[in-house]
Amino acid sequence: MLKKFLEDNKIEAKFNESLKKHTTFKVGGNALCIAEPDDAEKASVLIRYLKNNNIDFYFLGNGSNVIFNDKGYNGVIIKTSAMNSINIKDNIIIVGSGLSLTSLSRTAAINSLTGLEYCYGIPGNVGGGTFMNAGAYGGEISTCIHSVTFIDEHGEIKTISKKECNFSYRHSIFMEHKWLITGVKFEMKAGNKEEMLIFMDDIMQKRRNKQPLDKPSAGSSFKRPNGYFAAALIDECGLKGLTVGGAQVSEKHAGFIVNIGNATCQDIVDLADKVQKIVYDKKGIILEKEMIII
């Protein structure tokens, strides 16, 4: 029935698909199905169908901040990668949630629109970035957001203002509900294209120099505790190189847990828990995981 529904509604899908192919950490078992609707209307119809048939579902963007259980996911992963449109008029950019943050920031800069340069190189897409209010180098994506379009728990397509999104550090209202972000409207300011592109190239070089981009990871593994830096705390506790199975605290950047070879979800969780305990025992500070574990 599910397969026929997807075919009838022209929604691309893969069955019994390995989640390793859809997350940057390269871990996880198989999903019953990964569906990729290419617009909000198709996603809305799909969500209603799954709810009416009591089929579990989960929303996935680029998979850059998520790790799935080794047993897999017995339901439908609704992946937003096909919703990747971008439209620019004057200082307004309207994009689909599946567009990568790197593509968004570079396109904005090429069109002399400033405010999203720090997103360059963040390994996620617009939906995921909005969901967690992603940021780097002192900037946050919410700064330029005007409004967000999403599908609520009843399958209704709605739009709310930036204020209604309740943005704060690595947080938004979308973390509190099972809503699927389908599009974001950005209000930008005019900027100098050449200066922005130079700044963005500099950011990318800093990422290459400091971060273990050559190994699978979910980016920063822990949120920044108030008044501290997670990586510095982990480094001061002598945890660089600490390994559990195929998971390791990066020797290049202590804030990253990386997959050094066939890591399992359990390896990563066990290592993260170990890091949290040691940092708390030695520093008295609680580290909160940034990666989402499903």
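Data block above holds the structure.
Below: a short report on this structure. (Residues numbered from 1 in each chain as written. Predicted model: local features only at pLDDT ≥ 70, side-chain atom pairs only at ≥ 80, totals over all residues. Heavy atoms only, no water.)

1. So, the side chain of glutamate 36
Moving on, step 1. Following the sequence through the fold, glutamate 36 ends up in strand S2 (residues 30-36).
Moving on, step 2. In this structure glutamate 36 comes out as buried when scored by relative accessible area, which is 17%.
Moving on, step 3. There is a polar contact of 2.6 Å between the side chain of glutamate 36 and the side chain of serine 81.
Moving on, step 4. Beyond its immediate sequence surroundings of up to four residues, glutamate 36 is in contact with Ile11, Glu12, Lys14, Lys79, Ser81 and Ala82. (Helix = DSSP H or I, 4+ residues; strand = E, 2+ residues; numbered from the N terminus. Buried < 20%, exposed > 50% of the residue type's maximum accessible area, 1.4 Å probe, protein only. Polar contact = N/O pair within 3.5 Å; in protein donor to acceptor, adjacent residues only side chain to side chain. Contact = heavy atoms within 4.5 Å.)

2. Here we look at the sheet that holds strand S17 (residues 247-249)
Moving on, step 1. Taken together, the four strands give an open sheet; going across it, the order is S15-S18-S17-S16, and neighbouring strands pair in antiparallel fashion. Two strands in the sheet have a free side with no partner beyond their single neighbour: strand S15 (217-220) and strand S16 (243-244).
Moving on, step 2. In the packing of helix H7 (residues 265-283) onto the sheet, contacts are made with S16, S17 and strand S18 (256-259), and the angle to S17 comes to roughly 30 degrees. (Pairing = 2+ DSSP bridges. Axes fitted to C-alpha atoms, helices over the stretch in contact; angles between N-to-C directions.)

3. Remarks on the packing of aromatic side chains
Moving on, step 1. Applying the stated criterion to the full structure yields six aromatic pairs.
Moving on, step 2. When the ring of phenylalanine 5 is compared with that of tyrosine 49, the centres are 4.0 Å apart and the planes differ by 15 degrees; the resulting orientation is stacked. Here phenylalanine 5 is found in helix H1 (residues 2-8), whereas its partner tyrosine 49 is found in helix H2 (residues 40-52), with 44 residues between them in sequence. Like phenylalanine 5, the residue tyrosine 49 is buried in the burial classification.
Moving on, step 3. Aromatic rings pair up to connect Phe150, Phe174 and Trp179 into one cluster.
Moving on, step 4. Lysine 178 extends its terminal NZ or CZ atom over the ring of phenylalanine 57, reaching a point 3.9 Å from the ring centre. (Phe/Tyr/Trp six-rings, centres within 6.5 Å; stacked < 30°, edge-to-face > 60°. Lys NZ or Arg CZ within 6 Å of the ring centre and 35° of its normal.)

4. Details of the pairing of S18
Moving on, step 1. Side chains Phe256 and Val258 of S18 all project onto a buried face; the interleaved residues Ile257 and Asn259 project onto the opposite face, where all are buried too.
Moving on, step 2. Pairing of S15 with S18 involves two bridges; the strand directions are antiparallel. Bridging from a neighbouring strand, serine 217 pairs with valine 258 of S18.
Moving on, step 3. Bridge analysis of S17 against S18 gives three bridges, and the strand direction is antiparallel. Each bridged residue has a counterpart across the sheet, and for alanine 247 the counterpart in S18 is asparagine 259.
Moving on, step 4. Once S17 ends, the chain turns through six residues before running back antiparallel as S18.

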